[in-house]
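# Observations on chain architecture
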Amino acid sequence: MNNPPAKTTPDTQNAPDGTKPDAKSDISHRLYEDVLALLLGTMVVSLGVMLYSESVLVTGSTAGAALLIEHATGLSFGAVFFVINLPFYWLALKRMGKAFTIKTFIAVGLVSGFSKLMPMWIDFSMLNPVFAAIAGGALMGIGLLMLFRHRAGLGGINILALYLQEYSGIRAGYFQLAVDLVILACAFLVLPFDKVLLSILGAVVLNMIIALNHRPGRYLAAR
């Protein structure tokens, strides 16, 4: 999954025309807005994950690694996803700040919980894998956009990529791409060839949604 927005402060949050918002034009999110975004965003992501889980597909980043482990071992996606992300919170605190880290921890916990509850709420008697790849990728992309707008994320790999870029000079985008390619390469060892191709299709849909709708400067920044 894609990178979260870079850390900002009130002094650096300029409008698209380069001007700084004054106190009257403050667009900070209220607590209830953050709560609703975390709940709805993670629920939408979890629905996309369920489509992938039911269709035996994978995606990128830590979510993709957790799905791959689920397919290979039968372990619960929610538990694996939560555990995989634990080592990265220190980096998130150092790189992205306290607020982002707390929101991300809550978001990861919600996705883990919703992923366990979804099968109790929804049952698929028939699910076309092509539809699952496209719709699942779209749902995860839309859910991530909601989280990004409220300064939260889901991926430990994304945080590591940003950390390495800052302290080692490794481009975050290249590192993230390399990790996703490794996950997809490993998927060839676990999943049928057609499932991997559909997973790639879903990854393209997800990243197109992020790229087209999360451009710096297109929207006013909100804390």
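Residues numbered from 1 in each chain as written. Predicted model: local features only at pLDDT ≥ 70, side-chain atom pairs only at ≥ 80, totals over all residues. Heavy atoms only, no water.

Glancing now at the nonpolar core. Side chains of nonpolar character tend, in soluble globular proteins, to be buried together. Counting residues in hydrophobic clusters, the biggest one holds 48 residues, and the most contacted among them are Val-58, Phe-77, Phe-81 and Leu-154. Element by element, the count of residues in this core is highest for helix α6 (residues 129-149), at nine residues. Beyond its immediate chain neighbours, meaning those up to four positions away, Val-58 contacts Tyr-52, Gly-64, Leu-67, Leu-68, His-71, Leu-184, Ala-187, Leu-191 and Ser-199. (Core = buried A, V, L, I, M, F, W, Y, C linked by side-chain atoms within 4.5 Å. Buried < 20%, exposed > 50% of the residue type's maximum accessible area, 1.4 Å probe, protein only. Helix = DSSP H or I, 4+ residues; strand = E, 2+ residues; numbered from the N terminus. Contact = heavy atoms within 4.5 Å.)

Let us now look at the pattern of salt bridges. One pass over the full model with this rule turns up one salt bridge. As a salt-bridge pair, Asp-34 and Lys-103 come within 3.3 Å of each other at their nearest N and O atoms. Placement of the pair is Asp-34 in helix α1 (residues 31-55) and Lys-103 in helix α5 (residues 98-121), with a sequence separation of 69 residues. Of the two residues examined, Asp-34 and Lys-103, each falls in the buried class. (Salt bridge = Lys/Arg side-chain N within 4 Å of Asp/Glu carboxyl O.)

Next up on the list: the confidence of the model for the protein. Looking at the protein, the pLDDT average stands at 82 and 82% of residues meet or exceed 70. Of all helices and strands in the protein, the one with the weakest mean pLDDT is helix α7 (residues 156-168) (77), whereas α1 scores best (93). (pLDDT = per-residue confidence, 0-100.)

Turning our eyes to something else, we now look at the packing of aromatic side chains. Inspection of every chain in the model, using the stated rule, returns five aromatic pairs. On the basis of an interplanar angle of 10° and a centroid distance of 5.3 Å, the ring pair of Phe-77 and Phe-81 is categorised as stacked. With Phe-77 and Phe-81 both in helix α3 (residues 77-85) and four residues apart, the pair spans about one turn of that helix. Phe-81 carries the same exposure label as Phe-77, and that label is buried. Feature note: the residues Phe-82, Tyr-89 and Phe-105 constitute an aromatic cluster, connected by ring pairs. (Phe/Tyr/Trp six-rings, centres within 6.5 Å; stacked < 30°, edge-to-face > 60°.)

By volume, the second largest pocket amounts to about 160 Å³. Along its surface, the second largest pocket is lined by 13 residues, and Ser-53, Glu-70, Phe-77, Ser-115 and Pro-119 are the ones closest to its centre. Of all the secondary structure elements, the ones that give two or more residues to the lining of the second largest pocket are α1, α3 and α5. With five residues, the single largest contributor to the lining of the second largest pocket is α1. Across the lining of the second largest pocket, the residue classes tally to five nonpolar, five polar and three charged. (1 Å grid on protein atoms, 1.4 Å probe; cavity = no way out; pocket = protein on both sides within 12 Å on 5 of 7 lines; lining within 4 Å. Points joined across faces, edges and corners; volume = space filled by probe spheres on them. Nonpolar A, V, L, I, M, F, W, Y, C, P; charged D, E, K, R; others polar.)

Glancing now at the environment of Tyr-174. Mapped onto the elements, Tyr-174 comes out in helix α8 (residues 172-190). Since its relative accessible area comes to 58%, Tyr-174 is described here as exposed. In this structure the C-alpha to C-alpha distance between Tyr-174 and Ala-161, which are 13 residues apart in sequence, comes to 8.6 Å.

Look at helix α4 (residues 89-96) against α5: their axes get within 7 Å of each other, and the N-to-C directions meet at 145°. With respect to the hand of their crossing, α4 and α5 are arranged in right-handed fashion. On α5, the residues touching Tyr-89, Ala-92, Leu-93 and Met-96 of α4 are Lys-98, Phe-100, Thr-101, Thr-104, Phe-105 and Val-108. Partitioning the contact of α4 with α5 into residue classes produces seven nonpolar, two polar and one charged. (Axes fitted to C-alpha atoms, helices over the stretch in contact; angles between N-to-C directions. Left-handed = near helix turned anticlockwise from the far one by under 90°.)

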